[in-house]
Amino acid sequence: MNIKKGDTVKVIAGKDKGAQGKVIRVLREEQRVVVEGVNRIKRHTKVVNDGSGSTGGIITAEAPIHVSNVMLVEGDGVTRVGFRRDEVTKRSGTGVEYTAERSVRISRKTGKEI
């Protein structure tokens, strides 16, 4: 999945189209993300008398939205996400240096690392 927790995304489809927000949670198995201030739902809760003091009422929270309905925000606009493999030098526990590759997310629009 190209979107990670903490990314700023813009909704490109659905009832909240055009809204921007920060990704709170990523649900990888369902391919969904929870975005701050987007796809808000109301849940009615009962009063529970178990000594904990929880009160009932209407709770507003964000519901998950499919990852295909959001795009990553970069600068002024949105961009697609690509990947690039960079060679890095690592050091093992014994002090021996070796080269390895690490995957880096890049912007398809500018080619810069995200």
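Provided above is the structure to which this section pertains.
Predicted model only: the values in this text are computed from it and were never measured.

**As for unusual backbone geometry**
Trans is the prevailing form of peptide bonds, just as negative phi is the prevailing case for residues other than glycine. Despite not being glycine, Q31 has its phi angle at roughly 55°, a positive value. Counting through the fold element by element, Q31 comes out in the loop between β2 (20-27) and β3 (32-35). A positive phi angle, close to 55°, is found at N39, a residue other than glycine. Residue position: N39 is located in the loop between β3 and β4 (40-45). With relative accessibility at 17%, the residue N39 sits in the buried group.

**Topic: the nonpolar core**
Counting residues in each nonpolar core, the largest one holds 12 residues, listed as I3, V9, V11, V23, V33, V35, V38, I65, V67, V70, L72 and V81. Beyond its immediate stretch of four places on either side in the chain, V70 contacts I3, V9, K10, V11, I12, V33 and I65.

**Concerning the environment of H66**
For H66, the position within the fold is in strand β6 (residues 65-66). With 36 residues separating them along the chain, H66 and E30 place their C-alpha atoms 8.2 Å apart. Setting aside its immediate chain neighbours within four residues, H66 contacts E30, Q31 and R32. One polar contact links H66 to S68, side chain to side chain, over a distance of 2.9 Å.

Cut-off values and rules
- Residues numbered from 1 in each chain as written.
- Predicted model: local features only at pLDDT ≥ 70, side-chain atom pairs only at ≥ 80, totals over all residues.
- Heavy atoms only, no water.
- Helix = DSSP H or I, 4+ residues; strand = E, 2+ residues; numbered from the N terminus.
- Buried < 20%, exposed > 50% of the residue type's maximum accessible area, 1.4 Å probe, protein only.
- Core = buried A, V, L, I, M, F, W, Y, C linked by side-chain atoms within 4.5 Å.
- Contact = heavy atoms within 4.5 Å.
- Polar contact = N/O pair within 3.5 Å; in protein donor to acceptor, adjacent residues only side chain to side chain.

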